[in-house]
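# Observations on the model geometry
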Amino acid sequence: MGKKLLLDAIKGKETERLPWVPFVGCHGGALIDEDAESYLKSGELMTRGTLKAIEEYDPDGIPVNFDLSIEAEALGCELQWAKENPPAVTSHILSEKKLQDLPKITENSGRIPEVIKVLKALKEKDPDVGIYALVTGPFTLALHLQGTDIFMDMYDKPDEVKNLLQYCNDICIAVADIYLKHGCDVVSLVDPMTSQIGPDAFREFITPSATAFFDHIRSKEALSSFFVCGDAQKNVEAMCETGPDNISVDENISLDYVRDICQQYDISFGGNLKLTVVLLMGTEDDVRRHTIETMDMGGNKGFILAPGCDLPYNVPTGNLKIVTQIVQDSYQQDVARELAQKVQNVQSTINLTEYGRSDKVIVDVITLDSESCAPCQYMVEAVKNAAPHFGDLVVWREHTIKERESVEFMMGLMVKNIPTICIDGKIKFVSTIPRREELIKAIQDRINEKFALKLREQKGKLLVLGSGSEECEKTWQNAQQALRELGSTVEIKQIQDEKQIEEYGVASTPAVVTISEEVKYSGRVPSVEVIKEWIKALE
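Here we summarise the structure given alongside this text. This one's a predicted model, so the numbers in the text were calculated from it and none came from an experiment. Each chain carries its own residue numbering, running from 1 in the direction its sequence is written. Only residues with pLDDT of at least 70 are given local features in this predicted model, and only at 80 or more are side-chain atom pairs given and counted; all residues enter the totals for whole chains, interfaces and linings. As a rule here, side-chain values cover all heavy atoms of the structure and leave hydrogens and water aside.

### Quick look at the overall build of the chain
Put simply, the rule is: Numbering of helices and strands starts at the N terminus; helices are DSSP runs of H or I of at least 4 residues and strands are runs of E of at least 2. Radius of gyration here uses only the C-alpha atoms, and the compact-globule reference equals 2.2 Å multiplied by the residue count raised to the power 0.38. Note on exposure labels: buried denotes an accessible area under 20% of the residue type's maximum, exposed denotes more than 50%, and partly exposed covers the range between, all computed with a 1.4 Å probe on protein chains only. The contact rule is simple, with two residues in contact once any of their heavy atoms fall within 4.5 Å. Surface accessibility follows the Shrake-Rupley procedure with a 1.4 Å probe radius. Residue values consider only the protein chains on display as shielding. We treat Lys and Arg as the positive residues and Asp and Glu as the negative residues; His and chain ends play no part in the count. To locate a charge, take NZ of a lysine, CZ of an arginine, CG of an aspartate or CD of a glutamate.
Scanning the chain for helices and strands turns up 22 helices and 17 strands. Scaling as 2.2 N^0.38, a compact globule of 539 residues should have a C-alpha radius of gyration of about 24 Å, whereas the chain reaches 31 Å, well beyond that. With the C-alpha coordinates aligned to their principal axes, the bounding extent of the chain is approximately 105 × 60 × 45 Å. Counting over 539 residues, the chain shows a buried share of 57%. Long-range pairs, those at least 24 residues apart, make up 72% of the contacts in the chain with a sequence separation of at least 6. Summing over all exposed atoms, the chain offers an accessible surface of approximately 23300 Å²; the carbon and sulfur share of this is 45%. Across the chain, the 58 positively charged side chains and the 86 negatively charged ones have centroids separated by 1 Å.

Have a look at this one:
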């Protein structure tokens, strides 16, 4: 029943229960005690891990791959491998080659043969489980090939960007055809970097290629999904306009919003169980409560329950089994609804009220994990490239919310979306990768602000004590003239109240006192040049 249930939901039909699709990527490696690098390079290991996930989680559908570097690697980009995350793209092939010089994509390109091995094995061993094949979307693939210069080129060289996206879409279609040929049931176009642009840019640059992709999948009489992570709520309607059968989102987007928009376009939708706070670090009660809330929000028509993205490597199997129980057992659903009435949130124990008071400017990048999340990777890369402009005036660091301490830090800064850049504790860039110049300006503005604050804190005052005599008036005039001639902003103040003057312990007036309470002159008129020296010492 699982596969039929899934396909009916993707087609927008009402189902007797929700289909459950755990997005198992490198987590499959953890299930068979293999690190992510070994796992994602081997069709045999991926088969074992995926079959183990099917055994453990009893899903209605499962991805055969979840690695957004496969196409980029096959085209010549270099990767940095990790033990618990998918690889990150570390070199952009178009910096050394032209588009026409890149190799053609075939069944034998890169690691595509390993994915085919998994497809064939799953079709044979578990024919009742629907199989997702994931293809890196054209915009994300273009970022891999060219790097972040593409954001400036969208303004300066739009035709070149569109040409690159057309090329990337041709790659997407070629890879999708390979996976369809070998039996996948759903082709998912995964394009997380589209969360970094607005609806106008989306419709200009993404819509033509995405529409052509989904039209092609439909011509093959197959089903499709458009999968985006990050704060892409602004683009949900534009995504629907491209004509996929399904849209999947992560926790950055409110599921009820996605539901309402998708239903207007008669498109199914999926998501968006919270990966870290709930599935990775939550208690069993957290998982029960959140699962039933998500199920109730999605409803039982055209909705697929799934994590917001690929599962973290070390996500507890017990938490995922609870999701399975709740999906398949109505009694467990009733229990979960009771628990949902209790509000239990992770509370921040970090006091950040004084954050950002140090001499250096602190740039914090809050991410899911830059090793496994493309938008996170490029946001970290943007900060890494901008920080050296300021030498040792700037310190930057990444906070991956796979650790509870980082979640508390995130909450302390009131960060709601991933990825986000904060400068001295203030949210500056949310789910948008800033251009280098833009980020440099934001950091420079903060440096200027700190410098001005420091000047105000350190700047002294010059007090002129006394009134009523010619000498006192002359001293006051000299002080004002000295200030004008220096162009100084040191504050000068005339104190005429006798009781206040007595507090300074001067023997006679006029008297001049610096803010350091040091009596400079008493009983005689200081010259303009002498007062200038006092003022200089206060600046």
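Still more ground to cover, so stick around.
### Considering the sheet that holds strand S9 (residues 303–307)
For clarity, the threshold we go by: Two strands qualify as a pair provided that DSSP identifies no fewer than 2 bridges between them. In this analysis, axes come from line fits to C-alpha atoms, helices being fitted only over the stretch in contact, and the angle between any two N-to-C directions falls in the range 0 to 180 degrees.
Taken together, the 7 strands give an open sheet; going across it, the order is S1-S4-S5-S6-S7-S8-S9, and neighbouring strands pair in parallel fashion. Whereas interior strands pair on both sides, the edge strands pair on one side only; in this sheet they are strand S1 (61–63) and S9. The sheet shows a mean angle of 25 degrees between the axes of neighbouring strands, direction not considered. The pairing of strand S8 (residues 268–273) with S9 spans 5 bridges and is parallel. Paired with glycine 270 across the two strands is isoleucine 304, which belongs to S9. Running at roughly 150 degrees to strand S6 (residues 223–228), helix H10 (residues 199–219) makes contact with strand S5 (186–190) and S6 of the sheet.

### Side note on the environment of glutamate 471
Within the secondary structure layout, glutamate 471 lies in helix H20 (residues 470–486). Between the alpha carbons of glutamate 471 and proline 526 there is a distance of 9.6 Å; along the sequence they are 55 residues apart. Leaving out residues up to four positions away in the same chain, glutamate 471 has contacts with Pro510 and Val525.

### Some remarks on the sheet that holds strand S10 (residues 361–367)
Strand order in this open sheet of 4 strands is S11-S10-S12-S13, and the pairing throughout is mixed. A single partner strand is all that each edge strand has here, and the edge strands are strand S11 (394–400) and strand S13 (426–430). Each neighbouring strand pair of the sheet contributes to a mean axis angle of 25 degrees, computed without reference to strand direction. In the sheet, S10 pairs with S11 via 7 bridges, with the strands oriented parallel. Within the sheet, the bridge partner assigned to threonine 367 lies in S11 and is threonine 400. Packed onto the sheet, helix H17 (residues 374–386) meets S10, S11, strand S12 (420–423) and S13 and runs at close to 170 degrees relative to S10.

### Looking at the pairing of S5
What counts is decided by this rule: Throughout, right-handed denotes a crossover for which the path from the first strand over the helix to the second runs clockwise when the strands point away from the viewer.
Most of S5 is tucked away, with 5 of its 5 residues classed as buried. Burial of S5 is two-sided: the residues Val186, Ser188 and Val190 facing one way and the residues Val187 and Leu189 facing the other way are all buried. With 5 bridges joining them, strand S4 (residues 130–136) and S5 adopt parallel strand pairing. Bridge pairing in S5 links tyrosine 132 to valine 186. Taking the sense of rotation as the criterion, the β-α-β connection linking S5, H10 and S6 turns out right-handed.

### Side note on a negative patch on the surface
The cut-off we apply is this: Any residue with relative accessible area above 30% and no salt bridge may belong to a patch, with like charges joined within 9 Å and the nonpolar Val, Leu, Ile, Met, Phe, Trp and Tyr side chains within 5 Å. Take a side-chain nitrogen of Lys or Arg and a carboxyl oxygen of Asp or Glu: if they are within 4 Å of each other, that pair is a salt bridge.
On the surface, Asp497, Glu498, Glu502 and Glu503 cluster together into a negatively charged patch. Mapped onto the secondary structure, glutamate 502 falls in helix H21 (residues 498–503).

### Some thoughts on the nonpolar core
What counts, and what does not: What is meant by a nonpolar core is a set of buried Ala, Val, Leu, Ile, Met, Phe, Trp, Tyr and Cys residues, joined one to another through side-chain atoms within 4.5 Å.
In terms of nonpolar packing, the biggest core is built from 160 residues, with Phe139, Leu145, Phe151, Tyr179, Phe213, Leu279 and Ile443 touching the most fellow members. In terms of residue count, the dominant contributor to this core is helix H9 (residues 158–181) (13 residues). Counting residues in hydrophobic clusters, the runner-up holds 12 residues, among them Ala479, Leu483, Val512 and Ile531.

### Some points on the packing of aromatic side chains
Selection rule: Any two rings among Phe, Tyr and Trp, with Trp reduced to its six-membered ring, count as a pair given centres within 6.5 Å; such a pair is stacked if its planes are under 30 degrees apart, edge-to-face if over 60, and tilted if neither. Only when the NZ of Lys or the CZ of Arg is both within 6 Å of the ring centre and within 35 degrees of the ring normal is a charge said to sit over the ring.
In total, this model carries 9 aromatic pairs according to the counting rule given. Residues phenylalanine 213 and phenylalanine 214 carry aromatic rings whose centres are separated by 5.4 Å and whose planes lie at 85 degrees to one another, so their mutual orientation is edge-to-face. When the centroid spacing of 5.3 Å and the interplanar angle of 50 degrees are considered together, the rings of phenylalanine 214 and phenylalanine 226 count as tilted. Note that phenylalanine 214 is positioned in helix H10 and phenylalanine 226 in strand S6, a separation of 12 residues in sequence. What links up through ring pairs into an aromatic cluster is the set Phe23, Phe66, Tyr132 and Phe227. Here the guanidinium or amino end of lysine 41 rests over the ring plane of tryptophan 81, the centre of that ring lying 4.8 Å away. Lying across the ring of phenylalanine 205, lysine 162 places its NZ or CZ 5.6 Å from the centre.

### A few points about the state of the cysteines
Threshold: Disulfide: a pair of cysteine sulfur atoms within 2.5 Å of each other.
For the structure on display, the rule yields 0 disulfides. Cysteine cysteine 26 is unpaired, with the sulfur of cysteine 309 as its nearest cysteine sulfur at 10 Å. The thiol of cysteine 309 is not disulfide-bonded; the next cysteine sulfur, from cysteine 229, is found 4.5 Å away.

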